[in-house]
Amino acid sequence: KNGKELCELLKQSALLDCKTAILGAGTNILAPDEGISGLVICLKECMDQLEQVDDTHIRVGAGVSMARAAAFAANCGLSGLEFAHGIPGSVGGGVYMNAGAYDGEMANVVTAVRTVDSQGNVKVLSKDEMCFGYRKTALQGSDLIVTAVTVSMPKGEVSEILAKMADFIQRRISKQPLELPSAGSM
């Protein structure tokens, strides 16, 4: 349910030499037919804090949906996460793979990423340490797990931000079969 519990699970798994796999919301995932041996930890709806830090920054837990984070930012009058409103994954997963759409991506707003490693040690990475690229970050291939993210966005008019989000949703509806099951964008 929180970073402390995640750290404890990871420490115990390491002591037991039990392999762990981390899922955000489980979007854009293909699992092997034979299953996964070890502990699978799903962060969806866990680590769900959302807080406005100051006039231009919010802190978002890894388990918060991208849509919920975008709506929270909009209601705070902050512009920059509109692109994320229709992305089905979690913020942690979105940061992990630098999710983006409609000329926006997580790299544009992230200032700091709080992580925990497979031994339960906490580390905060700066934007530069994240080495953001197209659908890539320094997290990929590491044992670091996103637990929270601080994002920075300029102030904007709430009505304009919400209108932009609504436009993006309409574009998605017109182009994607949202009524059908999907493994996401591949």
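One can find the structure itself at the top, above this paragraph.
Residues numbered from 1 in each chain as written. Predicted model: local features only at pLDDT ≥ 70, side-chain atom pairs only at ≥ 80, totals over all residues. Heavy atoms only, no water.

(A) Structural context of the overall build of the protein chain. When its secondary structure is counted, the protein chain shows 5 helices and 9 strands. Element order for the protein chain, N to C, with α for helix and β for strand: α-β-β-β-β-α-α-β-β-β-β-α-β-α. Projected onto its principal axes, the C-alpha positions of the protein chain cover 50 × 40 × 30 Å. Burial status across the protein chain gives 35% buried among its 186 residues. Here the contacts in the protein chain between residues at least 6 apart in sequence split such that 59% fall between residues at least 24 apart. (Helix = DSSP H or I, 4+ residues; strand = E, 2+ residues; numbered from the N terminus. Buried < 20%, exposed > 50% of the residue type's maximum accessible area, 1.4 Å probe, protein only. Contact = heavy atoms within 4.5 Å.)

(B) Broad picture of unusual backbone geometry. Notably, Asp17 is not glycine yet its phi reads approximately 55°, a positive angle. Mapping Asp17 onto the fold places it in the loop between helix H1 (3–15) and strand E1 (20–23). Even without a glycine there, the phi angle at Asp103 is positive, about 65°. Note on placement: Asp103 falls in the loop between strand E5 (100–101) and strand E6 (104–105).

(C) Here's a closer look at the packing of aromatic side chains. A complete count under the given rule lists 1 aromatic pair for this structure. Considering the side-chain rings of Tyr102 and Phe168, the 4.6 Å spacing of their centres and the 5° angle between planes classify their relative orientation as stacked. Of the two residues, Tyr102 is situated in the loop between E5 and E6 and Phe168 in helix H5 (residues 158–175); the sequence distance between them amounts to 66 residues. A relative accessible area of 25% means that Tyr102 is categorised as partly exposed. Judged by its relative accessible area of 6%, Phe168 is buried. (Phe/Tyr/Trp six-rings, centres within 6.5 Å; stacked < 30°, edge-to-face > 60°.)

(D) Local environment of the side chain of Glu82. Tracing the chain through its elements places Glu82 in the loop between helix H2 (66–75) and helix H3 (91–96). In terms of polar contacts, Glu82 uses its side chain to reach the backbone amide nitrogen of Gly80, at 2.7 Å. Those residues in contact with Glu82, other than ones at most four positions away along the chain, are Ile161, Lys164, Met165 and Phe168. (Polar contact = N/O pair within 3.5 Å; in protein donor to acceptor, adjacent residues only side chain to side chain.)

(E) Structural view of the environment of Thr56. For Thr56, the position within the fold is in the loop between strand E3 (50–52) and strand E4 (57–61). Residues Thr56 and Ile87 lie 31 residues apart in sequence; the distance between their C-alpha atoms is 22 Å.

(F) Structural context of the pattern of salt bridges. Summed over the entire model, instances satisfying the criterion amount to 3 salt bridges. Here Arg135 and Glu105 are joined by a salt bridge, their closest N and O atoms 3.8 Å apart. Taken together, the residues Arg135 in the loop between helix H4 (127–130) and strand E9 (145–152) and Glu105 in strand E6 connect sequence positions 30 residues apart. Judged by relative accessible area, Glu105 falls into the partly exposed class, the value being 22%. (Salt bridge = Lys/Arg side-chain N within 4 Å of Asp/Glu carboxyl O.)

(G) The pairing of strand E7 (residues 110–116), seen in detail. In terms of residue burial, E7 counts as a mostly covered element, since 5 of its 7 residues are buried. Note: E7 against E9, 6 bridges, orientation antiparallel. Bridge pairing links Val113 to Val149 in E9. Here E7 runs beside strand E8 (residues 122–126); their pairing, made up of 5 bridges, is antiparallel. Looking across to E8, one finds that Val113 is bridged to Leu125. The hairpin formed by E7 and E8 contains 5 residues between the paired strands, and Gly120 there has a positive phi angle of roughly 90°. (Pairing = 2+ DSSP bridges.)

(H) Main features of the nonpolar core. Counting residues in hydrophobic clusters, the biggest one holds 35 residues, and the most contacted among them are Leu81, Val91 and Val95. Elements that contribute at least two residues to this core include exactly E4, H2, H3, E7, E9 and H5. In terms of residue count, the dominant contributor to this core is H2 (5 residues). If we ignore the near neighbours within four places in the chain, the residues touching Val91 are Val60, Gly61, Ala62, Val64, Ser65, Met66, Ala69, Met106 and Val149. (Core = buried A, V, L, I, M, F, W, Y, C linked by side-chain atoms within 4.5 Å.)

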